[in-house]
Amino acid sequence: MPILGRDQFEMRLSAQDIAQLADLDGNGAETAGAVSAALADAEAEVLGYVMSVAALPLPDPAPELLKRLVCDVARYNLYQRHLPEEHPVTVAYLRAVATLRDIASGRLRLALGGGDQVGSVGVAAGWAPARVMTDAALQGMGP
C-alpha cells in the first residue's frame, strides 16, 4: 500500500490545484499518469532515507509524518523542480529533505505504530550508565 494515495494527496492539497499542476502539456487537461508518477517518485525518495532506519514494509496506514513528507515532495515534483529557492513549495521540499535526513541519521524518531519507534534523539531519557568519573576514580590523577 502506498504511503500517500491520490485521495489523501487531494485532501492535503486541493484536487483543483493538483489537476492544474498535472497539466504538463498546458492543454487544460491533466497529463495521464503525472500525479501517480509524482507520488511514486516522492515515495521512493522518502523511502530512500527511511529504509536506513526502518524495516519494510511500513505499517498500514503509514505514519502521518511520512504522509506529509511524501505530499511535500510530490507537490515539488509536480512543479517539475523548476522553482526559485524562496518559493514556498521549494521551502517545504527543502524542509522535508532536512526532516528525512534527521530520520536517517537517527536525530528524529519515526513512530511506526504500536509504540515502536525508529531512530534516536541522541539523549537517553530516564536511563544512563553508572558514573565513570567519580572522585575516587580521579584521585591520584592530579599533580
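Since the model is a prediction, treat every value here as computed from it, not as a measurement. (Residues numbered from 1 in each chain as written. Predicted model: local features only at pLDDT ≥ 70, side-chain atom pairs only at ≥ 80, totals over all residues. Heavy atoms only, no water.)

Colleague: Where do I start with the overall build of the protein in this structure?
Modeller: Each helix and strand counted, the protein has six helices and two strands in total. Walking the protein from its N terminus toward its C terminus, one meets helices and strands in the order α-α-α-α-α-β-β-α. The burial tally for the protein puts 34% of its 143 residues in the buried class. Carbon and sulfur atoms form 55% of the exposed surface of the protein, whose accessible area is close to 9,000 Å². (Helix = DSSP H or I, 4+ residues; strand = E, 2+ residues; numbered from the N terminus. Buried < 20%, exposed > 50% of the residue type's maximum accessible area, 1.4 Å probe, protein only. Areas by Shrake-Rupley, 256 points an atom, 1.4 Å probe, with all protein chains shown as cover.)

Colleague: Looking at this model, I keep getting lost on the packing of helix α3 (residues 34-50) against helix α5 (residues 88-105). Mind explaining?
Modeller: When two helices pack together, their arrangement is given by the angle between the helix axes and by the axis-to-axis distance. Orientation of α3 relative to α5, taken along the N-to-C sense of each, is 30 degrees, at an axis distance of 8 Å. Taken together, the axes of α3 and α5 lie roughly parallel to each other. Every residue of α5 that contacts α3 at Glu45, Val46, Tyr49 and Val50 is listed here: Tyr93, Val97, Leu100, Arg101, Ile103 and Ala104. Considered class by class, the residues forming the contact of α3 with α5 number eight nonpolar, no polar and two charged. (Axes fitted to C-alpha atoms, helices over the stretch in contact; angles between N-to-C directions. Parallel < 35°, antiparallel > 145°, perpendicular 65-115°, else oblique. Contact = heavy atoms within 4.5 Å. Nonpolar A, V, L, I, M, F, W, Y, C, P; charged D, E, K, R; others polar.)

Colleague: Looking at this structure, I do not really get the confidence of the model for the protein. What am I missing?
Modeller: Low pLDDT marks stretches whose predicted atomic positions should not be read closely. Averaged over the protein, the pLDDT score is 81; the fraction of residues at 70 or greater is 84%. When pLDDT is averaged over each helix and strand of the protein, the minimum, 46, is found for strand β2 (residues 117-118) and the maximum, 94, for helix α4 (residues 64-78). A low-confidence stretch, residues 115-128 (pLDDT under 50), is modelled with 21 contacts involving residues beyond four sequence positions or located in other chains. (pLDDT = per-residue confidence, 0-100.)

Colleague: Before we go on, may I ask you to explain the environment of Gly106 in this structure?
Modeller: The topology assignment puts Gly106 in the loop between α5 and β1 (110-111). On the basis of relative accessibility, which here comes to 8%, the residue Gly106 falls in the buried class.

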